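Breakdown of the fold
These are the residues of each chain, in order.
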Amino acid sequence: MTAVRIGCGSSYAEDRVEPAAALVEHGELDVLSLDCLAERTLTHAQLRRLADPSTGYDLRLDRLVAEVVTRCLDHGTRFVANLGAANPVGAAERTCELLARLGRSGARVAVVTGDDVLDRLGTFDDGSHATAVSANAYLGAAPIVEALERGADVVIGGRIADASLFLGPLAHAHGWGSDAWDVLAAGQTVGHLLECGTYLTGGNWHDPPVRTVARPWDLGMPFADVEADGTAVLSKLSGTGGLLTVDTCKAQLTYEIGDPSAYLTPDVVVDLTGVRLEQVGPDRVRVSGAAGRPAPATLKVLVGSSEGHLGEAEVSFAGLGAAERAQAAAELVRCRLEQSGVVPDELRVDRVGVDASYGPATPPPAVEPFEVRLRVAARSGDRSTVDQVLAEVDALYMYGPAGAGGVRRDVRPVLGLDTCFVPRDEVHPTVTVLEVA
Amino acid sequence: MPATVPLRELAFARSGDKGDTSNVAVIPYDEALFDHVASQVTTERVAALFAGLVHGPVRRYELPGIKALNFVMERALGGGVSRTLALDAHGKAYANLVLTLEVDAPPAPEGHGEEHGR
């Protein structure tokens, strides 16, 4: 088997559609995989589904079908995505409906279900999530392999693990066995490098003067040519902005990992300590050296519980003494809340421009800031408590220190996420193949 | 040559989040400086830097194949991205705090930042 070319078409739920379309159009891909989920975005999808059970899948679905899936069908590129989010069946049905309208009769759309384990949470949970409203297990590559074996052009799942979206098509194309640990680890490593899209090609990188990125407004999505032994060359479309170097690959390889000798995935435990990266051309990096051990006996489950509402309000102070007036305003708000007996579950006060990013770990400022934005955030099971906190910030217009301006307020529901682990044989991924009418 | 330099001149960093755990990788531009950076950017110094912001243990791991350090910090993100009251819910900026560390200048002249603006 020659090398398989797999590209990344999305790194999160709101990623741009155009770079994915360009990659399919010009990249000569065998597969395009799209990671559309993270903890934050799965939460948002679950909240949408709770409000309206027909929703809960990726908000870009219609555009992705029109601009990317159709191109994949034209180029013989398989499309694999976890854009089903909280509602994979709804996403697959909508995809079929749109493809039918676009005259794509006969296209095969596979939907992977089984990540939703809420109805059985009580059987393997310690009881601490009795009020859970969502529970999604991280599925691995196996259902993707099955879907592709059954001739799917498009594979749509929910909480399929990010890198497994890439390992699945590679395992299918190269015929990797489910216990071929070293090549599975190599495939997961390639998937991990690709899953964050532009993090590999110049996103989250520009930091002049020590690092600069050319044409950062036109970053390309990465792809990889993956050999049967799991070694791969990572690259991006020529003509796109950004860069793909050993250093950008190092940054992505270490992104969101714990112990690098035991990177846990649903498919294999990956040892990243021996991974090597080599620049083999402009914007071309060769990756090799991952090692694998048998997959964990358990799968990770994200459990979502309703935790009320989170609100934030901000107000600006500028000019001489801005930081001091912001501090005085913070104290005023605290006193008002105490006076009126408003006690949120958690309250946080930041001075944006001074200490919002690092809180108590903030180094002393070198110069007095000329402009500071006071930010007050609160979370409570009781919505009116949150509203009262924000009202106190609003009242700074009339009762606060001099020059309080530009109040903005926002309240949203909180679906708090916790992690638990379930025996993997308790989770049953199911593949259903639909044919576009 | 100054006795110390900000870590930003010798290394880059990236932070990630999983639940309430943050990881920050510290990676020297020049692989030959890995041992020097590793000797300077200790678990103790990173834990002290994040005191008050990180409430759990800090562990350091090494990736010898790519000459990188990985710091894993628990109870670091206000309960995690789903519920934290922090503005930067993911701790994307944590990497930049590590790069403020003042470290001994490297023994050899190579490794300064201006060589890396490619």
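In the block above lies the structure referred to throughout.
Structure report, in brief.

Thresholds applied
Residues numbered from 1 in each chain as written. Chains lettered and ligands numbered in written order. Predicted model: local features only at pLDDT ≥ 70, side-chain atom pairs only at ≥ 80, totals over all residues. Heavy atoms only, no water. Core = buried A, V, L, I, M, F, W, Y, C linked by side-chain atoms within 4.5 Å. Buried < 20%, exposed > 50% of the residue type's maximum accessible area, 1.4 Å probe, protein only. Contact = heavy atoms within 4.5 Å. Helix = DSSP H or I, 4+ residues; strand = E, 2+ residues; numbered from the N terminus. Pairing = 2+ DSSP bridges. Axes fitted to C-alpha atoms, helices over the stretch in contact; angles between N-to-C directions. Buried area = accessible area lost by both parts, 1.4 Å probe. Salt bridge = Lys/Arg side-chain N within 4 Å of Asp/Glu carboxyl O.

1. What to know about the nonpolar core
Formed by 106 residues in total, the largest nonpolar core has its most connected members in Leu32(A), Val68(A), Phe79(A), Leu83(A), Val155(A), Leu194(A) and Leu234(A). Each residue touching Leu194(A), except ones within four places of it in the same chain, is listed here: Ile6(A), Cys8(A), Phe166(A), Leu200(A), Pro222(A), Phe223(A), Ala224(A) and Leu234(A). Grouped together as the second largest cluster of nonpolar side chains are 34 residues, Tyr358(A), Val46(B), Leu53(B) and Ala76(B) included.

2. A short note on the environment of Val26(B)
Residue and element names in this part refer to chain B. The topology assignment puts Val-26 in strand S3 (residues 21-28). On a C-alpha basis, the gap between Val-26 and Leu-10 in space is 9.8 Å, while along the polypeptide they are 16 residues apart. Setting aside anything within four residues of it in sequence, one finds Val-26 in contact with Leu-7, Ala-11, Phe-12, Val-37, Ala-68, Leu-69, Phe-71 and Val-98.

3. A few points about the sheet that holds strand S10 (residues 269-271) of chain A
All names here are of chain A. Ordered in space as S9-S10-S13, the three strands form an open sheet in which the pairing is antiparallel. Each of the sheet's edge strands pairs with one partner strand only, and the pair in question is strand S9 (263-264) and strand S13 (291-293). Sheet analysis places S10 next to S13, joined by three bridges and oriented antiparallel. Paired with Val-270 across the bridge in S13 is Gly-292. The strands that helix H8 (residues 181-194) touches are S9, S10 and S13; relative to S13, the one it contacts most, it runs at about 115°.

4. Remarks on the environment of Arg284(A)
Residue and element names in this part refer to chain A. With respect to the secondary-structure elements, Arg-284 resides in strand S12 (residues 284-288). By relative accessible area, which is 33% here, Arg-284 ends up partly exposed. Between the C-alpha atoms of Arg-284 and Ser-235, which are 49 residues apart in sequence, the distance is 4.8 Å. Those residues in contact with Arg-284 that lie beyond four places of it in its chain are Val-233, Leu-234, Ser-235, Leu-244, Glu-278 and Gln-279.

5. Points about the interface of chain B and chain A
Taken residue by residue, the interface counts 44 residues in chain B and 56 residues in chain A. Of the roughly 4300 Å² buried between chain B and chain A on both sides combined, carbon and sulfur atoms contribute 53%. Sorting the residues of chain B by area buried against chain A places Arg14(B), Arg83(B) and Leu85(B) first, and these three jointly supply 21% of that buried surface. Its salt-bridge partner being Glu31(B), residue Lys250(A) comes within 2.7 Å of it at the nearest N-O pair. Among the elements of the structure, strand S2 (11-18), S3, strand S4 (58-63), strand S5 (68-73) and helix H3 (94-98) of chain B are those that each provide at least two residues to the side of chain B that touches chain A. Ranked by the residues each element gives to the side of chain B that touches chain A, the list is headed by S2(B), at six residues.

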